Amino acid sequence: MSLASPDIKTDILVAGAGAAGLSAALALAQAGFAVVCVGRLDRRPNGRTVALFEASLRFYKSLGLWAHFRGKTAALEKITMIDATEARLPVPAVTFAAREIGLTAFGENIENSILVDGLAEIAARAPGLDLHEGLLEDLSYEPEIVRATLADGRRVEAKLVIAADGRASLARSKAGIGARNWAYPQVALTALLSHRKPHRHVSTEFHTRWGPCTLVPLRALEGRPNRSSLVWLMSAQDADSRAALEPEALAREIEKQVDSCVGQIEVEGACGFFPMAGMSVDSLFGHRVALIGEAAHVFPPLAAQGLNLSLRDIAALVEAVEDAREAGEDIGGAKALSAYAKARRGDISLRTNGVDILNRSLLSNLFPIDFLRGAGLVAFSVIGPLRRALMREGVLTHRALPRLMQARPPRYARQGRG
Ligand SMILES: Cc1cc2nc3c(=O)[nH]c(=O)nc-3n(C[C@H](O)[C@H](O)[C@H](O)COP(=O)(O)OP(=O)(O)OC[C@H]3O[C@@H](n4cnc5c(N)ncnc54)[C@H](O)[C@@H]3O)c2cc1C
């Protein structure tokens, strides 16, 4: 790497411009840091949406970003889980209602492309934030500084790198942080659907032997009042044969899988096929680098946890570097970054292991495991306090939330943002 003077000097370099990288760049710029964000925007239509829960909505509202997405989301007021594994122990359907925990909705579902495009649009004109569409080619972590080279040859110098460059993160590997990868035998089929009957703001999960097949409410469009997104986990073989189907034939397969609960279905546009994988890292930070989002953790999209977890990474990271700055300390130093890692380790390990256990319990057809899973669902359906604790854990977590996710963030509430 050339040591010639850099083209850009900044406080923080965010590697990656997916939902996690853009959200981190915006939050850090609002906190008053000079930020450069480098990444490629993925604009391919792939039928993917994200369900953002209460804490994530608070995060975007406290940064004043949510107004941009109003009218582009659909509220999730209830979640119904239906056992479709044909297990020997019959399990009743369980419904969780947000009002049981004092919320009008668990969260909002939004098309991934609308979220990422919207964040990129805001980032392009955000003060203190310099967004570069492209890739990082090289990084070198030096004692006082990080030097980075972009694919177009420009050089950036930063005090801290945020690795948000996805599961094959260059920023992570250049820092020498190890990762453990594993694969699951499933593929997730994603699609946007129009249908005959309304979803009534209920997300419906059919738990099959290959994982959940979930319909998630989606905003209405003109002439298409009833819409949902689909995340359907299946074997790689079934995914191959469904990828070859005409949209009408695929729609009939989906209708059959979801017991026609929303009536006749039409598939809108292109579908996505995502092989399921898991990843955990040896450390959430290294010398002058902090890992967030899928550069830090990967697991299958059960219970819609991925980006929600990443936004909690970001809110905790902003807090750690703000605290370091206020104390007159190095924002890329080990003290600030270890405080970030300490705040995040438990939550990340709980979600990664929880999703892994839930996924493997569906894949197994051993009677004792079926029995435990079925007994768990029955317990959640009849024991109110247990059900409410699970709901709270899903949308808010039992841990103290970072400042940006508190009900009325002290720093921004007075300015009437949202
Ligand atoms: C089917 C499916 C459904 C999901 N549903 C939900 C849900 O309902 N709720 C939820 O919370 N989560 C959900 N998730 C998870 C969520 O979508 C992901 O957590 C999130 O999109 C990952 O964002 P990310 O920014 O960390 O990574 P990515 O989206 O992978 O972004 C990585 C970025 O890094 C860039 N990059 C890569 N290499 C470089 C480089 N060398 N230099 C610079 N940039 C680089 C890429 O171009 C990209 O911009 C779902 C995931 C799947 C697969």
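Residues numbered from 1 in each chain as written. Predicted model: local features only at pLDDT ≥ 70, side-chain atom pairs only at ≥ 80, totals over all residues. Heavy atoms only, no water.

1. Quick notes on the overall build of the chain
Point 1. Assigned secondary structure in the chain consists of 11 helices and 19 strands.
Point 2. Computed over the C-alpha atoms, the radius of gyration of the chain is 22 Å, within 12% of the 22 Å expected from 2.2 N^0.38 for a compact globule of 418 residues.
Point 3. Principal axes of the C-alpha set define a box for the chain whose edges measure 65 × 45 × 45 Å.
Point 4. When burial is assessed residue by residue, the chain has 54% of its 418 residues classed as buried.
Point 5. Considering only contacts in the chain between residues 6 or more positions apart, those separated by 24 or more positions represent 75%.
Point 6. Here the chain has roughly 18000 Å² of accessible surface; of this, 53% comes from carbon and sulfur atoms.
Point 7. The positive charge centre, built from 50 side chains, and the negative charge centre, built from 45, are 5 Å apart in the chain. (Helix = DSSP H or I, 4+ residues; strand = E, 2+ residues; numbered from the N terminus. Rg over C-alpha atoms; globule rule 2.2 N^0.38 Å. Buried < 20%, exposed > 50% of the residue type's maximum accessible area, 1.4 Å probe, protein only. Contact = heavy atoms within 4.5 Å. Areas by Shrake-Rupley, 256 points an atom, 1.4 Å probe, with all protein chains shown as cover. Lys, Arg positive; Asp, Glu negative; His and termini not counted. Charge placed at Lys NZ, Arg CZ, Asp CG, Glu CD.)

2. A closer look at the site of the ligand
Point 1. As a matter of local geometry, the ligand sits amid 26 residues, with Arg40, Arg48, Ala51, Leu136 and Leu307 nearest to it.
Point 2. In the model, an oxygen atom of the ligand is placed 2.7 Å from a nitrogen or oxygen of the arginine 48 side chain.
Point 3. In the complex, the protein chains occlude 85% of the 1000 Å² of accessible area that the ligand would expose alone.
Point 4. Only helix H1 (19-30), strand E2 (35-39), strand E3 (49-53) and helix H7 (306-326) provide two or more residues apiece to the shell around the ligand.
Point 5. The class makeup of the residues in the shell around the ligand is 12 nonpolar, 10 polar and 4 charged. (Near = heavy atom within 4 Å. Polar contact = N/O pair within 3.5 Å; in protein donor to acceptor, adjacent residues only side chain to side chain. Nonpolar A, V, L, I, M, F, W, Y, C, P; charged D, E, K, R; others polar.)

3. Some words on the packing of aromatic side chains
Point 1. Evaluated as defined, the whole model comprises 3 aromatic pairs.
Point 2. Ring centres of tryptophan 66 and phenylalanine 69 lie 5.6 Å apart, and the angle between their planes is 45°; this geometry places the pair in the tilted category. The burial state of tryptophan 66 is the same as that of phenylalanine 69; both residues are buried.
Point 3. Members of the aromatic cluster, each reached through a chain of ring pairs, are Phe59, Tyr60, Trp66 and Phe69.
Point 4. Over the ring of phenylalanine 33 we find arginine 325; its NZ or CZ atom is 4.2 Å from the centre of that ring. (Phe/Tyr/Trp six-rings, centres within 6.5 Å; stacked < 30°, edge-to-face > 60°. Lys NZ or Arg CZ within 6 Å of the ring centre and 35° of its normal.)

4. Remarks on helix H2 (residues 54-62)
Point 1. Burial analysis of H2 places 8 of its 9 residues in the buried class, the great majority of the element.
Point 2. Residues of H2 that are buried: Glu54, Ala55, Ser56, Leu57, Arg58, Phe59, Tyr60 and Ser62.
Point 3. Immediately beyond the C-terminal end of H2, within one or two residues, lies glycine 64, with a positive phi of roughly 75°.

5. Points about the nonpolar core
Point 1. With 112 residues, the main nonpolar core has Leu13, Leu52, Phe59 and Leu115 as its most contacted residues.
Point 2. Looking at this core, the element that brings in the most residues is H7, giving 10 residues.
Point 3. Among residues more than four places away in sequence, those in contact with leucine 13 are Val36, Val38, Leu136, Leu139, Ala148, Val156, Ala158, Leu160, Val161 and Ile162.
Point 4. One finds Trp232, Ala251, Ile265 and Val267 within the second-largest nonpolar core, a separate group that totals 18 residues. (Core = buried A, V, L, I, M, F, W, Y, C linked by side-chain atoms within 4.5 Å.)

6. Here's the deal with the pattern of salt bridges
Point 1. Taken as a whole, this structure holds 25 salt bridges when the rule is applied.
Point 2. Its salt-bridge partner being glutamate 255, residue arginine 252 comes within 2.8 Å of it at the nearest N-O pair. With arginine 252 and glutamate 255 both in helix H6 (residues 247-257) and 3 residues apart, the pair spans about one turn of that helix.
Point 3. A residue is classified by how much of its surface remains accessible, and glutamate 255, at 13% relative accessible area, is buried.
Point 4. Aspartate 313 serves as the salt-bridge partner of arginine 344, at 2.8 Å between the closest nitrogen and oxygen. Taken as a pair, arginine 344 in helix H8 (residues 334-363) and aspartate 313 in helix H7 lie far apart in primary sequence, 31 residues in all.
Point 5. Owing to a relative accessible area of 4%, arginine 344 belongs among the buried residues under this scheme.
Point 6. Under the relative-accessibility criterion, aspartate 313 is labelled buried at 0%. (Salt bridge = Lys/Arg side-chain N within 4 Å of Asp/Glu carboxyl O.)

7. Quick word on the packing of H1 against helix H3 (residues 112-124)
Point 1. Here H1 crosses H3 at 30°, and the two axes come no closer than 9 Å. Judged by the angle between their axes, H1 and H3 are roughly parallel. Where H1 crosses over H3, the handedness of that crossing is left-handed. The segment H1 lies against H3, with Ala19, Leu22, Ser23 and Leu26 engaging Leu115, Val116, Leu119, Ala120, Ile122 and Ala123. (Axes fitted to C-alpha atoms, helices over the stretch in contact; angles between N-to-C directions. Parallel < 35°, antiparallel > 145°, perpendicular 65-115°, else oblique. Left-handed = near helix turned anticlockwise from the far one by under 90°.)

8. Brief notes about the sheet that holds strand E4 (residues 74-76)
Point 1. The 3 strands are arranged E3-E7-E4 in an open sheet whose pairing can be described as antiparallel. Each edge of the open sheet is held by one strand with a lone partner, namely E3 and E4. Across the sheet, the axes of successive neighbouring strands diverge by a mean angle of 30°, strand direction being ignored.
Point 2. In this sheet, strand E7 (residues 107-111) lies alongside E4 in antiparallel orientation, the contact comprising 3 bridges. Bridge pairing in E7 links alanine 74 to asparagine 109.
Point 3. Against the sheet, H2 contacts E3 and E7, and its axis sits at roughly 90° relative to E3. (Pairing = 2+ DSSP bridges.)

9. A few points about the side chain of serine 23
Point 1. Note on placement: serine 23 falls in helix H1.
Point 2. What serine 23 contacts, discounting residues up to four positions off in sequence, is Phe59, Tyr60, Leu119, Leu311 and Ile314.

10. So, the confidence of the model for the chain
Point 1. For the chain, mean pLDDT is 91; residues scoring 70 or higher make up 94% of the total.
Point 2. Counting interchain partners and residues more than four positions distant, the pLDDT-below-50 stretch residues 412-418 has 15 contacts. (pLDDT = per-residue confidence, 0-100.)

11. Points about the packing of H7 against H8
The geometry of a pair of packed helices is captured by two quantities: the angle between their axes and the separation between those axes.
Point 1. One can describe the packing of H7 onto H8 by two numbers: an axis separation of 8 Å at closest approach and a directional angle of 165°. Classified by the interaxial angle, the pair formed by H7 and H8 is roughly antiparallel. Viewed along their axes, H7 and H8 form a crossing whose handedness is right-handed. Across the interface between the two elements, Leu309, Arg312, Asp313, Ala316, Leu317, Ala320 and Ala324 of H7 pack against Ala336, Tyr340, Ala343, Arg344, Asp347, Ile348 and Arg351 of H8.
Point 2. Among the residues making up the contact of H7 with H8, the classes are represented as 9 nonpolar, no polar and 5 charged.

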